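These are the residues of each chain, in order.
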Amino acid sequence: MAGAVIVHHHTRYKTYPGEVTGVVFFACFIASVAGCIFGYDIGLTSGLTSTDAFLIKFFPSIYEERKNTVIVNQYCKFDSQVLTLFSSSLFLSAMVAAFFAGPLTRSHGRKWTLFAGGLTYVVGACVSGVAVNFPMLLTGRILVGAGVGLSIQVAPLYISEMAPAQQRGMLNILFQLMITVGILSASMTNYLSSKIPGGWGWRIAVAFGAIPAAVIALGALVIPDTPTSLIVRGDTATARKTLLQIRGVGDVREEFDDLSAASEDAKAVASPWRELFFGGKYKPQLTFALLLPFFQQLTGINVIMFYAPVLFKTVGFKQNASLVSSVITGLVNVFSTFVAVVTADKVGRRALFLQGGTQMIISQILVGTFIGLQFGMSGTGAISEQYAMCIVLFVCVYVAGFAWSWGPMSWLIASEVFPLAVRSPAMSVTVAVNMFFTAFIGQIFLTLLCHLRFGLFYFFGAWVLLMTLFIAMLLPETKNVPVEEMAHVWKKHWFWRKFVIDTSDARSAEMRKRIALEMS
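Source: prediction; values computed, not measured.

The rules we used
- Residues numbered from 1 in each chain as written.
- Predicted model: local features only at pLDDT ≥ 70, side-chain atom pairs only at ≥ 80, totals over all residues.
- Heavy atoms only, no water.
- Helix = DSSP H or I, 4+ residues; strand = E, 2+ residues; numbered from the N terminus.
- Areas by Shrake-Rupley, 256 points an atom, 1.4 Å probe, with all protein chains shown as cover.
- Salt bridge = Lys/Arg side-chain N within 4 Å of Asp/Glu carboxyl O.
- Buried < 20%, exposed > 50% of the residue type's maximum accessible area, 1.4 Å probe, protein only.
- Contact = heavy atoms within 4.5 Å.
- Polar contact = N/O pair within 3.5 Å; in protein donor to acceptor, adjacent residues only side chain to side chain.
- Core = buried A, V, L, I, M, F, W, Y, C linked by side-chain atoms within 4.5 Å.
- Axes fitted to C-alpha atoms, helices over the stretch in contact; angles between N-to-C directions.
- Parallel < 35°, antiparallel > 145°, perpendicular 65-115°, else oblique.
- Left-handed = near helix turned anticlockwise from the far one by under 90°.
- Nonpolar A, V, L, I, M, F, W, Y, C, P; charged D, E, K, R; others polar.
- pLDDT = per-residue confidence, 0-100.
- Phe/Tyr/Trp six-rings, centres within 6.5 Å; stacked < 30°, edge-to-face > 60°.
- Lys NZ or Arg CZ within 6 Å of the ring centre and 35° of its normal.
- Patch = residues over 30% accessible without salt bridge, like charges linked within 9 Å, V, L, I, M, F, W, Y side chains within 5 Å.
- Expected span 1.5 Å × (residues − 1).

Here we come to the overall build of the protein chain. Scanning the protein chain from terminus to terminus reveals 24 helices and zero strands. Carbon and sulfur atoms make up 69% of the accessible area of the protein chain, which totals about 19,300 Å².

Structure follows, in structure tokens:
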């Protein structure tokens, strides 16, 4: 990679001068709101699909079936593939949109892709909120999904390119923090809108998502595009000016030269998709781009967040109590994410992954055991208040572990490890895999619960054990490393170094010199 030189005995990687200026923080904050609309839809879905007025309007046969079904087995409640397919439609739409986001970010820049995502979501939320029939509802939901897909593909990318290397983790985790704020907002909106007499409160809940989406769309009009994106599209004068503005220092020549050299390397790649999958250079990074979002869904987190009201109702809570419990887990999720914000650039990515994973495994074993002791294999009986409280407690401990490990770190790693030439398509792959498995796990969760019973928590716990071992052995530490220097991380790793095809450092150094001469 361009500028890939190792300096000082104390610092393993080059550091550029710069700090988190007001412009950088504001720009990263606007981009991070993309997480809010994603989280809002995760939380909203669970409330919608357990709201009687919504079901009567759009799924009357499911409502009747549910009302007339006498539940004996506590594990086999509310299983409707049609309803879960409706929930999944948003994430499948987001998956498709993520692939369009790749070329869009490359040709039109990061900020305009953010604008397109926010605007699409606003239209979708308004259409859903006023829907009078199922086709209209589905159209709105697909537009909302497209808005989510575009926004979450570009947001972590934008933040990683804007942030100084030393604070990249903290700023990027704003995105995950906003996911948790979105989930919490949805839980509270579900709860409050369910109190509105007349049964139309769900419309407010659905349309409410247009507010954060409008913040993204309007904010995108005023924030700068990333210097990287400007250089790639040939606007070097604006890129230099923006870099000076966002770094808050008088001299950005070294960083600008490195970005320009990386841009030249990127322009030399005719087909980024072919380069990513078949070029052979990016095997380590591609492994993480595919496996991190896959593993993130197999932690079982979306099962908890998606179906928190259903889950708590299943363990014996009443309608409002289950919504309140999901608000509690939402609050835990938000506050625990601050742990990652504060520590990601200090203790590093690996330490958070490993500690959080261990905490999640223990919690899942305990939750599964508590539910198993109460309902056994038959799923019959009621749950005592003490057991219910224990379940909520350890679900919260699990959510906290996720909120400072697999939640933020999966997005952060994917956005920071790729060179510019393939960064945008790689992020599309990460988002698409995440959306596909969000939809897939959501689709099969209730069926799995019915068949695996309390063993479902052991099932997810086993996956978390596997992925924690995967991180322990195969993830190199990436904290404080500039994104354009990331190639060295893989070259030094005991396992990945044998897969890294080393491009000529001499060629890169020569290119940097040539660009510096041209610019002077």
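Our focus in this paragraph is the pattern of salt bridges. Counting across every chain of the model gives 10 salt bridges. The closest approach of N and O atoms between Lys67 and Glu64, which form a salt bridge, is 4.0 Å. Linking Lys67 with Glu64, this pair stays in helix H3 (residues 60-68), spanning three residues, or about one helical turn. Its relative accessible area of 52% is what places Lys67 among the exposed residues. When its relative accessible area of 36% is taken as the criterion, Glu64 is described as partly exposed.

Moving on to the environment of Ser336. As for its placement among the helices and strands, Ser336 is situated in helix H17 (residues 319-343). For Ser336, a relative accessible area of 7% puts it in the buried group. Note: C-alpha distance between Ser336 and Ser405 (69 residues apart in sequence) is 9.8 Å. Look past the residues within four positions of Ser336 in its chain and what remains in contact with it is Ala400, Ala403 and Trp404. From its side chain, Ser336 meets the backbone oxygen of Val332 in a polar contact 2.7 Å long.

Right, let's get into the nonpolar core. Among the nonpolar cores identified, the biggest contains 77 residues, and Phe38, Phe54 and Ile152 are the most heavily contacted of them. For this core, the leading source of residues is helix H1 (residues 22-48), giving 14 residues.

The subject of this paragraph is the packing of helix H7 (residues 168-193) against helix H20 (residues 406-416). Helix packing for two helices is described by the angle between their axes and how far apart those axes are. Here H7 crosses H20 at 130 degrees, and the two axes come no closer than 9 Å. Viewed along their axes, H7 and H20 adopt a mutual orientation that is oblique. Handedness of the crossing formed by H7 with H20: right-handed. Here H7 contributes Arg168, Gly169, Asn172, Ile173, Phe175, Gln176 and Ile179 to the contact with H20, which in turn contributes Gly407, Pro408, Met409, Trp411, Leu412, Ser415 and Glu416. Residues that form the contact of H7 with H20 fall into these classes: seven nonpolar, five polar and two charged.

So, on to unusual backbone geometry. At Arg453, a residue that is not glycine, the phi angle is positive and equals roughly 55 degrees. Among the structural elements, Arg453 can be located in the loop between helix H21 (420-452) and helix H22 (455-474). Non-glycine residue Asn480 carries a positive phi angle of around 65 degrees. Mapped onto the elements, Asn480 comes out in the loop between H22 and helix H23 (487-492).

What follows is about the confidence of the model for the protein chain. For the protein chain, mean pLDDT is 86; residues scoring 70 or higher make up 88% of the total. Contacts of residues 1-11 to residues separated by more than four positions or lying in other chains number 30 contacts, the stretch itself having pLDDT below 50.

Time to look at the side chain of Thr478. The topology assignment puts Thr478 in the loop between H22 and H23. Thr478 sits in the buried class, given a relative accessible area of 1%.

Turning next to the packing of aromatic side chains. Taken as a whole and judged by the stated rule, the model has 36 aromatic pairs. With centroids separated by 5.5 Å and ring planes inclined at 65 degrees, the aromatic side chains of Phe59 and Phe86 adopt a geometry described as edge-to-face. Placement of Phe59 in the loop between helix H2 (52-58) and H3 and of Phe86 in helix H4 (residues 81-108) is noted, with a sequence separation of 27 residues between them. Ring centres 4.7 Å apart and planes at 65 degrees place the aromatic pair Phe353 and Trp406 in the edge-to-face group. Of this pair, Phe353 sits in helix H18 (residues 349-375) while Trp406 sits in helix H20, and the two are 53 residues apart along the sequence. Like Trp406, Phe353 is buried. Between the NZ or CZ atom of Lys111 and the centre of the ring of Trp112, over which it lies, the distance is 5.1 Å. Over the ring of Phe86 we find Arg141; its NZ or CZ atom is 4.7 Å from the centre of that ring.

A separate point is the packing of H7 against helix H8 (residues 201-208). Orientation of H7 relative to H8, taken along the N-to-C sense of each, is 160 degrees, at an axis distance of 8 Å. It follows from the interaxial angle that H7 and H8 lie roughly antiparallel. When you trace H7 past H8, the crossing you get is right-handed. In this structure, H7 contributes Thr189, Asn190 and Ser193 to the contact, and H8 contributes Gly201, Trp202, Ala205 and Phe208. Classifying every residue of the contact of H7 with H8 by side-chain character gives three nonpolar, four polar and no charged.

On to a nonpolar patch on the surface, then. Taken together, the side chains of Phe26, Trp112, Leu218, Leu221 and Val222 present a nonpolar region at the surface, about 520 Å² in accessible area. By residue number, the principal contributor to the nonpolar patch is helix H9 (residues 210-222), which donates three residues. Note on Trp112: relative accessible area 41%, which makes it partly exposed.

Moving on, we come to the environment of Ile173. Looking at where Ile173 falls in the secondary structure, it is placed in helix H7. Owing to a relative accessible area of 0%, Ile173 belongs among the buried residues under this scheme. Distance from Ile173 to Gly35, taken between C-alpha atoms, is 9.9 Å for residues 138 residues apart in sequence. Leave out the neighbours within four places in its chain, and Ile173 touches Thr337, Ala340, Val341, Ala344, Pro408, Met409 and Leu412.

Over its 13 residues, H9 runs 19 Å from end to end, which matches the ideal 18 Å to within 8%, given 1.5 Å per residue. Looking only at H9, the buried set comprises Ala210, Pro212, Ala213, Ile216, Ala217, Gly219 and Ala220. Of the surrounding elements, those touching the buried residues of H9 are H1, helix H5 (110-129) and H8.

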